[in-house]
Amino acid sequence: MKNFSFDRIVLVPNDIDLSYSPLRNQLDVETYVLGAFNPGMTRLSNGNLMLMVRIAEALRNPVNDGKINAIRWDENKGYVLDKYKLDQVDSSDPRKFILKEFLPNPVFALTSISWLLPVELSPDGGTIITIHYNKIIAPQQSYQEYGIEDPRISYISGKYYMTTCSVSSERHSTTLYSSDDGINYGLEGIILDHQNKDMVLFEGTIDNKFYALTRPLGSLYFATPPDSIFNPGPSINLAESPDVLHWKPLDQPLISPEKKFGHLLRLGGGAQPILTAEGWLVLFHRVEEKCEVGIYRTYWAILDENNPQKILHLEMKRPLLEANPYLTSELKDIIYIEDVVFTTGIVKSGKNFIVASGELDLCTRITHIPKSAFENYPK
């Protein structure tokens, strides 16, 4: 495991005041913060860092009278509880449960609902300046009935763009928010349809086009040719757009799982790609099999500045970031999964990059990584 001079947890569940929760005026049940994690990150005009943190709010006692409850937002009723008999669900994953009546098709309900909280940090990311409870982003459309997850922020041509994953029975989609100041965001709507997660906008344009990493999410894959170097499975793809709203996937996948790295459960974008002297720096995650959730680690790639389909370097052997048990040792009583780091934001800072990650689906981690870590690769 790599050691960095600045590597710390900056936000934990106990830092969140749930009296400001969007659920508070509608549900008369006890809830708690399951996680404050997976933050989008950008730098504001005042020099401070802005984190848009995913707050997963869960029922303190989800099981009552032989039934398990799920929180859902309804367009007409607001936040409601849906009840399912325990013998009708599979709850082996602590983050969600499967409704058995629909098997073999996997149909899920969630044990928590997520909303977004802007948290302003000092320029180095080490100190909380303000938690902007008056700027909370909560479900407001039917396609967000199970919450808003995993924001990623890109600052492009004087404007902040934030992609999020909106979760509902209608579709599992990517939605876009925009802002002129990095704090106040307006919803632009759905920009990628069902079953596509981790859409991350490049922080800049190429030939007047916007580019993004995408990750189709699914369980149906077809076999690769026997002599292929790739395994079937998830991939990170590229898409381009003239206006940020209308996207065309490029014809070839960008990063696919190679056989030499073994079978991967997931592969997807992490922090927003940023332009460096070497090219576009991409931090992404790959997930290896272990228990129910798997092992999440952060890896990296360099893409050509003018042709992002051209990979100049791909590092999928040695992880850049791994979950660090030392950092979360004081949170051991509330840890519910292990071996997960999920990188979701990056900014430049002198000789370092400041990197924001979700740790264990529980808390927010800030790491300063020297720029030199990405310069000495085989060319």
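Conventions adopted
Residues numbered from 1 in each chain as written. Predicted model: local features only at pLDDT ≥ 70, side-chain atom pairs only at ≥ 80, totals over all residues. Heavy atoms only, no water. Helix = DSSP H or I, 4+ residues; strand = E, 2+ residues; numbered from the N terminus. Rg over C-alpha atoms; globule rule 2.2 N^0.38 Å. Buried < 20%, exposed > 50% of the residue type's maximum accessible area, 1.4 Å probe, protein only. Pairing = 2+ DSSP bridges. Core = buried A, V, L, I, M, F, W, Y, C linked by side-chain atoms within 4.5 Å. Contact = heavy atoms within 4.5 Å. Phe/Tyr/Trp six-rings, centres within 6.5 Å; stacked < 30°, edge-to-face > 60°. Lys NZ or Arg CZ within 6 Å of the ring centre and 35° of its normal. Salt bridge = Lys/Arg side-chain N within 4 Å of Asp/Glu carboxyl O. Polar contact = N/O pair within 3.5 Å; in protein donor to acceptor, adjacent residues only side chain to side chain. Axes fitted to C-alpha atoms, helices over the stretch in contact; angles between N-to-C directions.

A tally of regular secondary structure across the chain gives zero helices and 27 strands. The C-alpha radius of gyration computed for the chain amounts to 20 Å, which stays within 12% of the reference 21 Å derived for 379 residues, consistent with globular compactness. By its C-alpha atoms, the chain is 65 × 55 × 45 Å across when sized along the principal axes. Burial status across the chain gives 57% buried among its 379 residues.

If you walk across this open sheet you meet the three strands as S7-S8-S9, and the pairing is antiparallel. Looking at the sheet topology across the chains shown, the edges are occupied by strand S7 (89-90) and strand S9 (108-110). Examined bridge by bridge, S7 and strand S8 (residues 96-99) share two bridges and lie antiparallel to one another. Bridge pairing in S8 links Asp90 to Ile98.

Our next topic: the nonpolar core. Ile16 and Ile366 are the most contacted members of the largest nonpolar core, which totals 30 residues. Secondary structure elements with two or more residues in this core: strand S1 (7-11), strand S2 (31-43), strand S3 (49-59), strand S5 (67-74), strand S10 (112-121) and strand S26 (352-359). Once residues lying within four places of it in the same chain are set aside, the contact partners of Ile16 are Leu11, Val33, Ala36, Ile55, Trp115, Leu117 and Tyr133. By size, the runner-up hydrophobic cluster in this structure holds 18 residues, among which are Leu213, Leu254, Ala301 and Leu303.

Moving on to the packing of aromatic side chains. Enumeration according to the criterion identifies ten aromatic pairs in this entry. Ring geometry for Tyr296 and Phe342: centres 5.9 Å apart, planes at 65°, overall edge-to-face. Residue Tyr296 is located in strand S23 (residues 295-303), and its partner Phe342 is located in strand S25 (residues 341-349); the two are separated by 46 residues in the primary sequence. Since its relative accessible area comes to 8%, Tyr296 is described here as buried. Residue class for Phe342 comes out buried when judged on its relative accessible area of 7%. With 5.7 Å between their ring centres and 65° between their planes, Phe353 and Phe374 make a pair best called edge-to-face. Of this pair, Phe353 sits in strand S26 while Phe374 sits in the segment after strand S27 (363-370), placing them 21 residues apart in sequence. The pair formed by Phe353 and Phe374 is uniform in burial state, with each residue classed as buried. Aromatic rings pair up to connect Phe202, Tyr211 and Trp280 into one cluster. Directly above the aromatic system of Phe6 lies the positively charged group of Arg8, at a separation of 3.9 Å from the ring centroid.

So, on to the pattern of salt bridges. A side chain with one charge can pair with a side chain of the opposite charge if their charged atoms come near. The final tally for this structure, using the stated rule, is 19 salt bridges. Measuring nitrogen to oxygen at the nearest pair gives 3.0 Å for the salt bridge that ties Arg24 to Glu57. Here Arg24, found in the loop between S1 and S2, pairs with Glu57, found in strand S3; they are 33 residues apart in sequence, far enough to count as distant. Of the charged contacts in the structure, one is a salt bridge between Arg365 and Glu359, with a shortest N-O distance of 3.0 Å.

With that settled, the discussion passes to the environment of Lys96. Within the element layout of this structure, Lys96 appears in strand S8. Judged by relative accessible area, which is 23%, Lys96 ranks as partly exposed. Among residues more than four places away in sequence, those in contact with Lys96 are Asp90, Ser91, Phe108, Ala109, Leu110 and Thr111.

Within the secondary structure, Gln144 sits in the loop between strand S11 (128-131) and strand S12 (148-156). Taking the relative accessible area as the measure of exposure, Gln144 reaches 0% and is therefore buried. Reaching out from Gln144, the side chain makes a polar contact with the side chain of Ser166 at a distance of 3.3 Å. Those residues in contact with Gln144, other than ones at most four positions away along the chain, are Ala138, Pro139, Ser166, Val167, Ser168, Thr175, Tyr177 and Leu187.

Hydrogen bonds between backbone atoms are what pair the strands of a sheet, whose relative direction is either parallel or antiparallel. Taking strand neighbours across the sheet as the criterion, the four strands line up as S1-S27-S26-S25 in an open arrangement whose pairing is antiparallel. Single-partner strands in this sheet number two, and they are S1 and S25. Ignoring strand direction, the axes of neighbouring strands in this sheet form an average angle of 25°.

That's the geometry; what it means functionally is another story.
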